[in-house]
Each structure stands twice: as C-alpha cells, then as structure tokens.
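Summary of the model geometry
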Amino acid sequence: MVSKWKKDFPIFSKKINGRKLIYLDSAGTSQKPKQVISSESEFYEKYNSNIHRGVNTLSEHATQLYENSRVKTAEFMGAGSDEVVFVRNATEGINLVAQSYGRQHVKKGDTILLTEMEHHSNIIPWQLLATEKGAKVEYVEVDKETGKLDELDLERKLSSQQMAIFAFTHVSNVLGTVNNVKKLARLAKSNGATVVLDSCQSFPHMEVNVKNLGVDFAVLSGHKIFAPTGIGALYGRKELLEEMSPFLSGGNMISTVSKESATWNEVPWKFEAGTPNIAGTIALGAAIDYMNRIGMKNIENYNNKLVDYCVSELQKLPFIKIYPPLKEKVGAVAFNVANIHPHDVASVLDNEGIAIRTGHHCCQPLMNALGVNATCRASFQIYNEFSDVDSLVNALNKCKKVFKL
Ligand SMILES: *Cc1c(COP(=O)(O)O)cnc(C)c1O
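This text gives an overview of the structure that appears in the document. Every value quoted in this text rests on a predicted model; they were computed, and no experiment measured them. (Residues numbered from 1 in each chain as written. Predicted model: local features only at pLDDT ≥ 70, side-chain atom pairs only at ≥ 80, totals over all residues. Heavy atoms only, no water.)

**Comments concerning the site of the ligand**
The following threshold applies: For this description, a residue counts as near a given molecule or strand if any of its non-hydrogen atoms is within 4 Å of it. Here a polar contact means two N or O atoms within 3.5 Å. Within protein one must be a hydrogen donor candidate and the other an acceptor candidate, and residues neighboring in sequence count only if both atoms are side-chain atoms. The Shrake-Rupley method, run with a 1.4 Å probe sphere, supplies the accessible areas, and residue values consider only the shown protein chains as cover. As a working rule, the residues Ala, Val, Leu, Ile, Met, Phe, Trp, Tyr, Cys and Pro are called nonpolar, Asp, Glu, Lys and Arg charged, and the rest polar, with Gly in that last group.
In the neighbourhood of the ligand, 13 residues make up the surrounding shell, with Thr91, Asp198, Gln201, Ser221 and Lys224 lying closest. Take serine 221: an N or O atom from its side chain is 2.7 Å from an oxygen atom of the ligand. At 2.8 Å from an oxygen atom of the ligand is found a side-chain nitrogen or oxygen belonging to histidine 223. Contact with the protein chains removes 91% of the 380 Å² of surface that the ligand exposes when unbound. Of the residues in the shell around the ligand, the class split is two nonpolar, nine polar and two charged.

Right, dumping it as structure tokens:
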C-alpha cells in the first residue's frame, strides 16, 4: 500500500543516517503537511497582529481567522463554537477542567475514577485535585490479554462509590484499544459522575462527535492531528463552562476590571487569558481542512490497514511480543523484542532511519499492569506505507542478529 499523501509532508525528503526517514511515532506527534506549515508562515507574512483588540484592518483580519478556526474546530469535534476553548495542549485542557470544574465540584470522600491505561496527563491533574480535596483516585483495571477495560471491575467501581468524575481515554496511546465511550459515559452518568474524555488519540484516526458520545468534557491535541505544537482544544458542555470559574487570568478573559475586582468575559473567551497562539490556532484550522479534504473515513481505513499489516507481520517473528497480540487496535502497536531493552532496539532501528518510540509512553501505571518497565511502539499515519512495516521487520531481524536471539 502506497501513500497518496506522503508527498504533502516535506520532512520525508530528509535523510536520517544516510537513509530515508521512516517515521513510526505519530502517536508521539504527527508530521506536518505543507498546507499547515504554509498557513503558519502566511499568517506571519500577511496578517500578523494581536486579536480581539485593535480597530485596524490587520487586527480585524487576524481575529476573523482565529475565530474562523474555532468554528472549524467545533465542527470537527461535533461541538458548538461557544463550547470550544483553545489551550496550549491537551494537558492544559485537562488541567483546566481539574482546576476549575474539579475544584468547584469535587468534595472530601468523593471518588475520581480513571483507568490503568491513562496517559500521565490524565492522571496527575486528578491526583493533585484529589490531594487538595481529600478525594480518592481509583483505576479501572485493564485485561492484559485483550487490552480492554475489565467491565466487571468498571461496573463495580462506578457503582460502589461517591462518584464525582470519570476521566478516561478514547483510544490507548500504547495498546491502541478503543473504549466504548458512549456506553462508558452512559454508565458513569447514571452513577452521577461527570465524564471527561481524553480523545487525543481518537481525533487523529476516526470521526469523533463529542455530543453523540455524551461526554461533558473532551480534549484535542493539535500536534497529533497535523497541526503545530502549542495548540489544543477543550470541549466543555456550555452549561458547565458557564458556571465554571476562570483557570488562568489576566488580559482578554475579562469583561470589566476595577482596582478591586473584575467580571469575566463570555464563554469561551473567559478561559483564554493573555495573547494566545494565534498563528498555531489558524494552522490548526488548516490541519482540520486538510483532514476533512481527505475524509476521516479514508484516514481511518488507511491507518487500520497499516496497523493490521504491522500486527500480522510482527506476529511472524517469534522473538517479538505484542501488547496485546490482536489486530483490533487503532494507530499504535506496542511490542518488545525478547528481553532486549526497548532503548537498545530503538538505536538499532535509528541506524536504519526508523523512528519508533520507546519507554513508558507516559503510561507508567499501564506498564506496571502489563508487568514491564517499557515497550517499543510503532504508530502510524497517512504518510506511512506497507513498505515502512517491511523496513521495520527487516530492522527487527537485524536486532535478532545483533543481540543473538
Ligand atoms: C499526547 C497525549 C496526551 C497529551 O497531549 P498534549 O497535547 O501533548 O498535552 C494526553 N493523552 C493522550 C492519550 C495522548 O496521546
């Protein structure tokens, strides 16, 4: 399978260690198409100005581009425009929810339920909140054989507690597991919990509609969907955003200020203090245009074929262990090479121009549940091809020789 889209990504003309680049770390960050790169430089060349302020042509144009990007982002997420807050990254989005909504609603003795497959960004903000409030953090267990959440454990934990918040990932950035968000959200709500979705790994690979899914909050990471670093989005149900206190404060997020006090700007600007990443936000809009032009269904089908092919090729290598050894995955394939440390595997692969990710993938509780310290991870996007998997397999066979397996 050959990629029609690879030519859009200038980085692939670069050589790594004298070889062509094979990039298998899109779950870490995606590469950027020229359409996004030029959108950012075009802003600085033609429209650079601060927004929401000056009555001048440049500023008005910049504001229009920025707000237009909000409309595109909202459509992409399945939300209303006034329900999308621009943030630096998904991590900031989750912190915003924990520090604003969480502080206002979580009480002593409450439970914040997470899962063992969460990214640290969806763990630490809740641990800090729980410590401050005297609340408990609990984790739904992951079944090691299937990589799925243990449903019995989930139902037991959801129903037996004073549930405040259930925060969980849509797609695991390690296992590639897709959680049944609709069902989990419904269960959580019937137990009185507010639902926070970490959708960082679903937006790059499938159509996601936060309203249909029935969640209260959801985060999007720009750099994982072809946009620049430094821009992300938080969806929050309008009623919730309205009653929440500001997270960061200062310019832009106010309506009036006196020496003693202030009143807040309307949602979503109430949560956008200071000068935002204007160029990055506009480039996020360009990334969404790019994905929409290809079509999310096409992106999903193409990436699923890559992942299937990768799993079936790796399964032929007896010295590889896949976590879990199933094809039912989205975006990423985690594996280990016999008892070789993943970092040693990565450096053999790097010599071949192949970039994979190794380590705990910001998921140490998941690593503990799997009984490993680290794994290798190959993750995919539309610029990858079947031949990238073949190169990975060849390089892993080289590992076999180097490490005498
Ligand atoms: C990347 C990622 C995050 C963090 O996103 P940033 O935008 O880099 O802060 C959180 N959760 C998951 C599942 C991720 O893959």
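**Quick notes on the pairing of strand β6 (residues 136-140)**
Two faces, one strand: in a regular strand the side chains alternate between the faces of the sheet. Condition: Being paired, for any two strands, means DSSP has found at least two bridges between them. Note on conventions: DSSP H or I runs of at least 4 residues are helices, E runs of at least 2 residues are strands, and numbering of each starts at the N terminus. If you view a crossover with the strands going away from you and the path from the first strand over the helix to the second runs clockwise, you call it right-handed.
Examined bridge by bridge, strand β5 (residues 111-115) and β6 share five bridges and lie parallel to one another. Considered in β6, the bridge of leucine 114 is made with tyrosine 139. Handedness of the crossover joining β5 and β6 through helix α4 (residues 124-133) is recorded here as right-handed.

**Re helix α1 (residues 34-47)**
Heads up, the rule is: Expected helix span is given by 1.5 Å per residue-to-residue step, counting one fewer step than there are residues. We call a residue buried when its accessible area falls under 20% of the maximum for its residue type, exposed when it is over 50%, and partly exposed in between, using a 1.4 Å probe and counting protein chains only. Residue contacts are defined here by distance: any two heavy atoms, one from each residue, within 4.5 Å place the two residues in contact.
With 14 residues, α1 should cover 20 Å at 1.5 Å per step; its first-to-last C-alpha distance of 19 Å lies within 8% of that length. Among the residues of α1, those classed as buried are Val36, Ser39, Phe43 and Tyr47. The inward-facing, buried residues of α1 contact α2 (57-77) and α9 (278-294).

**Considerations on the sheet that holds strand β13 (residues 320-323)**
Defined as follows: With axes taken as lines fitted to C-alpha atoms, and helix axes fitted only over the stretch in contact, angles between N-to-C directions fall between 0 and 180 degrees.
Overall, antiparallel pairing links the four strands, which are arranged β13-β14-β17-β16 in an open sheet. The open sheet has two free edges, formed respectively by β13 and β16 (357-359), since each of these has just one partner strand. Neighbour-to-neighbour, the strand axes of the sheet open up by a mean angle of 30°, direction not taken into account. The sheet contacts of helix α10 (residues 296-314) involve β13 and β14 (332-337), and relative to β14 the element is tilted by about 15°. The strands that helix α11 (residues 342-351) touches are β14, β16 and β17 (375-379); relative to β16, the one it contacts most, it runs at about 160°.

**Some remarks on the sheet that holds strand β10 (residues 232-236)**
Spatially, the seven strands line up as an open sheet ordered β4-β10-β9-β8-β7-β5-β6, and their pairing is mixed. Each having just a single partner strand, β4 (84-87) and β6 make up the two edges of the open sheet. Across this sheet, the average inter-strand angle for adjacent strands is 20°, counted without regard to direction. Alignment of strand β7 (residues 163-169) against strand β8 (residues 194-198), held across five bridges, turns out to be parallel. Looking at the pairing, isoleucine 165 lines up with threonine 194 of β8. Lying over the sheet, helix α3 (residues 90-105) contacts β4, β7, β8, β9 (217-221) and β10, oriented at roughly 155° with respect to β9. The strands touched by helix α5 (residues 151-159) within the sheet are β5, β6 and β7, with β6 carrying the most contacts at an inclination of about 160°.

**Some details on the environment of threonine 91**
Residue position: threonine 91 is located in helix α3. For threonine 91, a relative accessible area of 31% gives the class partly exposed. Sequence separation of threonine 91 and glycine 102 is 11 residues, and the distance between their C-alpha atoms is 15 Å.

**Remarks on unusual backbone geometry**
In this chain, valine 267 is followed by proline 268 through a cis amide linkage whose omega measures 5°. Structurally, the position occupied by proline 268 is in the loop between β12 (262-264) and α9. In the segment running from tyrosine 323 into proline 324, the intervening peptide bond is cis, with an omega of -20°. In this fold, proline 324 is placed in the loop between β13 and β14. If you check the backbone angles, alanine 338 has positive phi at about 40° while not being a glycine. Mapping alanine 338 onto the fold places it in the loop between β14 and α11. Using a relative accessible area of 44% as the deciding quantity, one classes alanine 338 as partly exposed. For cysteine 362, which is not glycine, the phi dihedral falls at a positive 60°. In this structure, cysteine 362 sits in the loop between β16 and α12 (364-370). By relative accessible area, cysteine 362 is classed as partly exposed at 24%.

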